[in-house]
Amino acid sequence: MKLEGSMYPNKTIYPGFLGQTVLPEGADQISSDIRKSTNGNVQVYVNPLIDQEQQVSTFSHEAYGHALLFLRKEDPSHRDTPGRTGTDKSNDPLEKQIKAREKEGKRNYRKHERLKK
Ligand SMILES: [Zn+2]
């Protein structure tokens, strides 16, 4: 389901969140900005209501950004990314990783879509 936003006539507005990664106990020792898993596993959720390309991008963000950095024992949280809270304590390694993986995911999705035709 997509909603066309009247405030943003040229953009598609998605209802709810795009995705979420939840991490096992102990992840909160790396960063306090972590949502905990209830079963001890790393879990990645992707909103099924968004279009497939956005699902791929969101999965790339969550799995190859947040989850991967957690498995590498690096800080997997956005912390106080500028623009989110107005402070300047961004997690640059995460933001760089996420930006690259989202772009890669979208590129691969489009390539795959072209091959189906
Ligand atoms: Zn994120």
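Model, not experiment: these values are computed from the prediction. Counting starts from 1 at the beginning of each chain's written sequence and moves along it residue by residue. Since the coordinates come from a predicted model, pLDDT governs what is reported: local features require at least 70, and pairs of side-chain atoms require 80 or more to be given and counted, while whole-chain, interface and lining totals use all residues.

S.K.: How would you sum up the overall build of the protein? Please name residues and give values.
M.R.: Think of it this way: any DSSP run of H or I at least four residues long counts as a helix, any run of E at least two long counts as a strand, and we number them from the N terminus. In terms of helices and strands, the protein carries 2 helices and 6 strands. Overall, the protein shows an N-to-C arrangement of helices and strands of β-β-β-β-α-β-β-α. In the protein, which comprises 117 residues, the proportion classed as buried is 21%. A pair of residues counts as a contact when their C-beta atoms, built from backbone coordinates, are separated by no more than 7 Å. In the protein, 51% of the contacts between residues at least 6 apart in sequence involve partners at least 24 apart. Comment: burial labels come from other C-beta atoms within 10 Å of the residue's own C-beta, placed from the backbone, where a count of 20 or more is buried, 12 or fewer is exposed, and between is partly exposed.

S.K.: Which residues make up helix α2 (residues 92-116), and what values do they have?
M.R.: Turn by turn, an α-helix covers 3.6 residues, leaving residues three or four places apart pointing in a common direction. By this rule the span expected of a helix is its residue count minus one, scaled by 1.5 Å. With 25 residues, α2 should reach 36 Å at 1.5 Å per residue; the first-to-last C-alpha distance of 36 Å fits that figure. When we look at burial in α2, the residues that qualify are Leu94, Gln97, Ile98 and Gly105. In the core, the buried residues of α2 are packed alongside α1 (52-71).

S.K.: I'd love a proper account of the nonpolar core, names of residues and values included.
M.R.: Inside soluble globular proteins, nonpolar side chains tend to come together where they are buried. Grouped together as the largest cluster of nonpolar side chains are 6 residues: Leu23, Ile34, Leu69, Phe70, Leu94 and Ile98. At the level of elements, α1 and α2 are the ones that each hand at least two residues to this core. Excluding residues that lie within four positions of it along the chain, Leu23 makes contacts with Ile34, Lys36, Ser37, Val42, Phe70 and Pro76. What makes a nonpolar core is a set of buried Ala, Val, Leu, Ile, Met, Phe, Trp, Tyr and Cys residues, with links drawn between C-beta atoms within 7 Å.

S.K.: For α1, give the residues involved together with the corresponding values.
M.R.: What α1 keeps buried is the set Gln54, Val56, Ser57, Thr58, Phe59, Ser60, His61, Glu62, Gly65, His66, Leu69 and Phe70. Buried positions along α1 lie against β3 (19-22), β4 (43-46) and α2.

S.K.: Kindly report on the packing of α1 against α2, identifying the contributing residues and their values.
M.R.: Whenever a helix is involved, its axis is fitted only over the stretch in contact; in every case the axis is a line through C-alpha atoms, and angles between N-to-C directions fall within 0 to 180 degrees. Interhelical geometry of α1 versus α2 gives an angle of 145° and a closest axis separation of 8 Å. Like other packed secondary-structure pairs, α1 and α2 cross with a definite hand, here right-handed. Where α1 abuts α2, its residues Gln52, Glu53, Val56, Ser57, Phe59, Ser60, His61, Tyr64, Gly65 and Leu69 lie against Leu94, Gln97, Ile98, Arg101, Glu102, Glu104, Gly105, Lys106 and Tyr109. Think of it as three bins: nonpolar holds Ala, Val, Leu, Ile, Met, Phe, Trp, Tyr, Cys and Pro, charged holds Asp, Glu, Lys and Arg, and polar takes everything else, Gly as well. Partitioned by chemical class, the residues of the contact of α1 with α2 number 7 nonpolar, 7 polar and 5 charged. Should the near helix be turned anticlockwise from the far one by less than a right angle, the crossing is termed left-handed; should it be turned clockwise, right-handed.

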